Amino acid sequence: MTLDVSRIATQLDRLAEETIGAEAPERYAALRAAYGDLDPDDLRGRLRTAKTSWLVAAPAAGAFHEKVAARGIDGDFAVVASDGSFIVPDRNIAARFFLINVGKVVLRYGAAPDASLSADPHLYFGEDELNVPDVVRRIPITGTVLGLKRAVEELRGVADEARRQAVPTLALQDGTLILWSLEGQPESVVNWILESYLETMRDLRDARIPVAAFISYPGSSDVVNSLRVSICDYPSQGRAVNCDACRSRILTEGHVPACDVIPPVSDRFVYEQVAGLRPGERSAVFASGSRILERYDEDFRTQFFYVHTGTEIARVEVPRWVAADSELLDFTHSVIDDQCRRGRGYPSALQEAHELAAIRPDERRAVELMIVEAMARRGFSLGRSAKDGSKRTRFV
């Protein structure tokens, strides 16, 4: 082993102390007070004019403090889930390609229970498939862009299966509906990804099939940041909330921001320790403040709620059109609750979709070998880089 862990032992102890200290009971008295005293209408007014340094969440509808129990499901229903993985282009061999594998699961419940599990691998090659369409620049589909392409294919896969169902169906994804990686990408990449992604969202909306994304053990703090805004003392001074201006005064004036009494915890901590969600209950629905969503059609902008799965607090994201429809929102909540009960805290359909999507190391090597053999049958020897050879055969 080349890592000398003994040299970081002291740092590991400090990490443990700081992590435990951030969530110690004596530190969240102010957090509990801010949560309990919050006025949703006052918060919405503050957020409309606020300039914040953090990502904040506005209550989308209803009371900020509401806790809603899952209502259960009557009759037949289905949940369709997808997950994806990919083999990245190997820079050490001459052939250029990538592969995306999408695992798809259909679980049907009711009078005629059934299950369908499948995987759909697709090999991409050739200039038109390996590069983003752009008449000015050559932008290869690698790294972050490949991750975005996979997200598009995952959504398309779950939508195709969901539209085939003859009973009420939830389309379920692992992760997020917010394409965070679009930030900083060239305009041609943004347009190319969103065109396909939002077209699939539109198809789901038109078919009235709710789609949701499930995030296990979320680390986001959008709601906590809104609590910071709710106790800011700028409005009492006749000023709008301005985080950058406030914090710049720390150095120039020794100023102590009013919101510093809120400890650096996640929303998950709030709904577990402060709000006290019970198994099956969800929080109020919030609208994400991500700037990326400004590029989405309004109907497809992401809203979210937190839910107690029986073992943890998870975050569930839905498009605005689902959150605005109480029947579909209740259905989404109830199906996820049902799935988590069956899956011991994590949706069964997502568990199976992940297993179908995962590509093992030996499978990656097999694909590479098949490409080499296909080239050899056509009289072409596919060489490898000297650096790659040195890793495979060690010598001094």
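Residues take numbers from 1 onward in each chain, read along the sequence in its written order. Whole-chain, interface and lining totals are the exception, using all residues; otherwise, since this is a predicted model, local features are given only for residues with pLDDT of at least 70 and side-chain atom pairs are given and counted only at 80 or more. With hydrogens and water set aside, each side-chain value is computed from the structure's full complement of heavy atoms.

Peer 1: Please clarify how the sheet that holds strand 11 (residues 313-319) should be interpreted in this entry.
Peer 2: In a beta sheet, neighbouring strands pair by backbone hydrogen bonds and run either parallel or antiparallel. Spatial ordering of the open sheet is given by 1-9-10-11-8-7-2-3-4, a layout of 9 strands whose pairing is mixed. Of all strands in the sheet, those with a lone pairing partner are strand 1 (57-61) and strand 4 (114-124), marking the two edges. Averaged over all pairs of adjacent strands, the angle between their axes in this sheet comes to 30°, without regard to strand direction. Of the pairings in the sheet, the one linking strand 8 (residues 211-215) to strand 11 comprises 3 bridges and is antiparallel in character. Bridge pairing links Ile-215 to Arg-315 in strand 11. Relative to strand 2 (residues 77-87), helix 5 (residues 143-163) is tilted by about 155°, and along the sheet it contacts strand 2, strand 3 (98-109), strand 4, strand 7 (169-174) and strand 8. In this fold helix 12 (residues 348-357) packs onto strand 2, strand 3, strand 4, strand 7 and strand 8, with an angle of close to 150° to the strand it touches most, strand 3. In this scheme, strands are said to pair when DSSP sees at least two bridges between them. Secondary structure is summarised from DSSP: a helix means a run of H or I of at least four residues, a strand means a run of E of at least two, and numbering begins at the N terminus for each. Think of each axis as a best-fit line through the C-alpha atoms, taken over the contacting stretch in the case of a helix, with angles from 0 to 180 degrees between the N-to-C directions. By definition, residues are in contact when any of their heavy atoms lie within 4.5 Å.

Peer 1: Just to check I follow, could you spell out empty space enclosed by the protein for this structure?
Peer 2: Gaps left between atoms are located by rolling a probe of water-molecule size over the structure's atoms. Definitions used for this entry: grid spacing 1 Å over protein atoms alone; cavity, a set of points where a 1.4 Å probe fits but cannot get out; pocket, an open set with protein on both sides within 12 Å along at least 5 of 7 lines; lining residue, one with an atom within 4 Å of a point. Grid points are joined across faces, edges and corners, and a volume is the space filled by probe spheres set on the points. The full count for this structure, using the stated rule, is 1 cavity of 30 Å³ or more. Space inside the largest cavity adds up to approximately 100 Å³. Looking at the largest cavity, the residues that line it are Trp-54, Arg-228, Val-229, Cys-232, Val-241, Asn-242, Cys-243, Cys-246, Arg-247, Pro-257, Ala-258 and Cys-259. If you list the elements that add at least two residues to the lining of the largest cavity, you get helix 7 (222-230) and helix 8 (243-253). Lys, Arg, Asp and Glu make up the charged group, whereas Ala, Val, Leu, Ile, Met, Phe, Trp, Tyr, Cys and Pro make up the nonpolar group; the residues left over, Gly among them, are polar. Residues belonging to the lining of the largest cavity are distributed by class as follows: 9 nonpolar, 1 polar and 2 charged.

Peer 1: Help me understand the packing of helix 7 against helix 9 (residues 267-274), please; the structure alone is not making it clear to me.
Peer 2: In a pair of packed helices, the angle between the axes and the distance between the axes together describe the arrangement. Two elements in contact, helix 7 and helix 9, have axes whose closest approach is 6 Å; the angle formed by their N-to-C orientations is 80°. In this view, helix 7 runs roughly perpendicular relative to helix 9, as classed from their interaxial angle. Packed against helix 7, whose contacting residues are Asp-222, Val-223 and Val-224, the element helix 9 presents Asp-267, Val-270 and Tyr-271 at the interface. The residue inventory of the contact of helix 7 with helix 9, partitioned by class, reads 4 nonpolar, no polar and 2 charged. Here the angle decides the label: under 35 degrees means roughly parallel, over 145 means roughly antiparallel, 65 to 115 means roughly perpendicular, and every other value means oblique.

Peer 1: I'm lost on the nonpolar core in this one. Help?
Peer 2: Nonpolar side chains tend to gather and get buried jointly when the protein is soluble and globular. In plain words, nonpolar cores are sets of buried Ala, Val, Leu, Ile, Met, Phe, Trp, Tyr and Cys residues tied together by side-chain atoms within 4.5 Å. Working definition: with a 1.4 Å probe on protein chains only, accessible area under 20% of the residue-type maximum means buried, over 50% means exposed, and in between means partly exposed. Residues Leu-172, Leu-179, Tyr-197 and Tyr-296 are the most contacted members of the largest nonpolar core, which totals 69 residues. Not counting the four nearest positions on each side in its chain, Tyr-296 is found in contact with Leu-177, Ile-178, Leu-179, Leu-194, Tyr-197, Leu-198, Arg-301 and Thr-302. With 33 residues, the next largest nonpolar core counts Leu-31, Val-265, Phe-269 and Ile-313 among its residues.

Peer 1: Would you explain the packing of aromatic side chains in this entry?
Peer 2: Only rings of Phe, Tyr and Trp enter the pairing, Trp through its six-membered ring, and a pair is recorded when the two centres are within 6.5 Å. The plane angle decides the type: under 30 degrees is stacked, over 60 is edge-to-face, the rest tilted. Summed over the entire model, instances satisfying the criterion amount to 11 aromatic pairs. Ring geometry for Tyr-35 and Tyr-271: centres 6.4 Å apart, planes at 90°, overall edge-to-face. In this pair, Tyr-35 sits in helix 2 (residues 29-37) while Tyr-271 sits in helix 9, placing the two residues 236 residues apart along the sequence. Summarising the burial analysis for this pair, Tyr-35 and Tyr-271 share the class buried. Ring geometry for Tyr-271 against Tyr-306: centres 5.2 Å apart, planes inclined by 25°, an arrangement best described as stacked.

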